[in-house]
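# Chains, contacts and geometry: an overview
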Amino acid sequence: MMNRKLQTVLLLLLFMFCGCAHYRLRIPVALPSDSDWRMYGGGIGRNNVAYDTITPPLDSTWEYNAEAGFSPSTAVAAGNLLYIGNLIGEIHTVTIGTGKKAGVYDFGSAIVGTPIIEGDMMYVALANDNEGLKAYNLNEAQVKWQRAVGDIETSPLIIGNKLLATVLDGKLVCVDKESGDILWTYQIAPGSKTNLIHSSPASNGNTVVFGCDNGAVYGVNVNTGQLQWNAKTRSAVFSSPSIRDGRVYLGSTDSTFYALDVSTGKQLWAKHLPGKIHNSQAVDQNHVYTSVVGGEIYCLNSDDGQIVWKTNINGVINSSPILSGDVLYIGTLNKILYAIDVHSGSILWQYKTKGRIKSMPIVFKNHLFLFAEDRSVISFEDNNRK
């Protein structure tokens with residue numbers, strides 16, 4: 001009897017010391033679907049356009065406590081599960097229909113970028129941790145490989161068998177997603193604080209593009225790691241680029257929004273706006289939707305950068321927008337989620353939360369997920385489709 005009690009105590013202690021890193025999912029991972037929001041931006045072009053349409057007014061259906069704060073890009077969704085990274089190194093897996101916890105993975109270091117879900121594999125980038133990248137099997141609850149590449153404060157990208165990530169100290173790293181072996185590294189000139197990278201990479205499948213704190217935008221060959229071009233802005237580039245129809249779109253803290261040729265880096269147009277641009281943008285076939293820190297949202301013509309409309313929402317904007325059908329959703333530090341008509345710029349609906357909104361919401365199936373600074377995840381549904 002004493003041996004059984006001792007064994008039980010030892011098992012409990014082992015669980016406490018090991019944390020939740022090997023918490024097995026309560027439900028199996030579903031087969032991948034083309035509509036899965038499996039990486040930041042929705043795909044390699046990072047266009048922030050949802051695969052599903054959700055139209056306001058929306059009804060809140062559940063709320064989940066993720067135990068810690070969020071980064072500007074925090075979650076992905078696949079199958080019937082939502083995967084939420086937080087700033088204490090945990091990924092919470094939540095059942096979409098109920099808001100119930102399906103599993104928690106504790107990776108021990110802050111997660112600033114979103115994970116990537118591909119089948120039963122989850123790829124995670126870690127900040128303040130020399131391990132940098134980890135591949136985790138969800139069904140087996142095991143780390144398949146980990147690679148020391150440096151601190152990562154951005155969202156990784158998968159193209160075929162390649163996993164790519166921008167590293168804080170000025171590198172773009174490409175590893176084999178199956179083995180974790182480093183295939184190539186592109187290094188900006190080391191040793192300068194201005195060469196830090198806070199911009200997640202985007203790609204058209206041939207060229208990987210990212211911005212840098214030194215004000216430059218880089219285009220690197222996805223197969224060789226060779227620099228194809230670099231383009232200059234006049235101040236730091238924190239936002240992640242979007243790539244669509246041969247063009248790169250991104251804003252700079254020099255208060256200018258840029259369109260570049262993805263093959264050459266040639267500037268196609270530039271539009272000065274009355275405020276610094278820290279966030280990423282949403283891009284559809286004809287328009288680009290961006291914001292400045294002071295609270296103005298702009299719809300720009302993607303061909304020439306001319307302003308189609310602007311809307312002032314009287315709140316500091318620290319999150320990127322997501323486009324769903326004819327509605328643009330964006331949150332602010334004044335704790336309000338806005339739904340904006342993409343044709344006119346008029347405000348269709350708004351929702352007041354308990355905490356400031358610093359993270360981009362995501363739309364998946366008939367749900368919009370909002371991440372508020374009080375650690376809460378709020379699920380909304382389109383009440384027109386019930």
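Rules of the game
- Starting afresh in each chain, residues are numbered from 1 along the sequence in its written order.
- Only residues with pLDDT of at least 70 get local features here, since the model is predicted, and only at 80 or more are side-chain atom pairs given and counted; chain-wide, interface and lining totals rely on the full set of residues.
- In computing side-chain properties, one takes all heavy atoms of the structure into account and sets aside hydrogens as well as water.
- Put simply, DSSP marks the helices as runs of H or I at least four residues long and the strands as runs of E at least two long, and each gets a number from the N terminus on.
- Between two residues, a contact is recorded if the distance between any of their heavy atoms is within 4.5 Å.
- In what follows, salt bridge is the name for a side-chain nitrogen of Lys or Arg lying within 4 Å of a carboxyl oxygen of Asp or Glu.
- For the exposure calls, accessible area comes from a 1.4 Å probe over protein chains only, and a residue counts as buried if that area is under 20% of its type's maximum, exposed if over 50%, partly exposed in between.
- Lining residues are defined by having an atom within 4 Å of a point belonging to a cavity or pocket. Those points lie on a 1 Å grid over the protein atoms alone, cavities being sets where a 1.4 Å probe fits but cannot get out and pockets being open sets with protein on both sides within 12 Å along at least five of seven lines.
- Grid points are joined across faces, edges and corners, and a volume is the space filled by probe spheres set on the points.
- Ten residue types, Ala, Val, Leu, Ile, Met, Phe, Trp, Tyr, Cys and Pro, are classed as nonpolar, four, Asp, Glu, Lys and Arg, as charged, and the remainder, Gly among them, as polar.
- Should DSSP find at least two bridges between two strands, the strands are regarded as paired.

## Comments concerning the environment of Val143
Mapped onto the secondary structure, Val143 falls in strand 9 (residues 142-147). As a C-alpha pair, Val143 and Met122 span 21 residues in sequence and 9.4 Å in three-dimensional space. What Val143 contacts, discounting residues up to four positions off in sequence, is Ala135 and Tyr136.

## Here we look at the pattern of salt bridges
In the structure shown here, the tally under the stated rule is nine salt bridges. Between Arg244 and Asp245 there is a salt bridge, and its shortest N-O distance comes to 3.9 Å. The exposure class of Asp245 is exposed, given its relative accessible area of 64%. Salt bridges sharing partners connect three or more residues here, namely Arg38, Glu118 and Lys177.

## Some details on empty space enclosed by the protein
One pass over the structure, following the stated rule, counts one cavity of 30 Å³ or more. Reported here for the largest cavity is a volume of approximately 30 Å³. Along the walls of the largest cavity sit Trp37, Tyr40, Ser73, Thr74, Ala75, Thr114, Met360 and Ile362, which together make up its complete lining. Of the residues in the lining of the largest cavity, the class split is five nonpolar, three polar and no charged.

## Thoughts on the pairing of strand 29 (residues 347-352)
Here strand 28 (residues 336-341) runs beside strand 29; their pairing, made up of five bridges, is antiparallel. Paired with Ala339 across the bridge in strand 29 is Trp349. Following strand 28, the chain reverses through five residues before pairing antiparallel with strand 29; Gly345 in that reversal takes a positive phi of roughly 85°.

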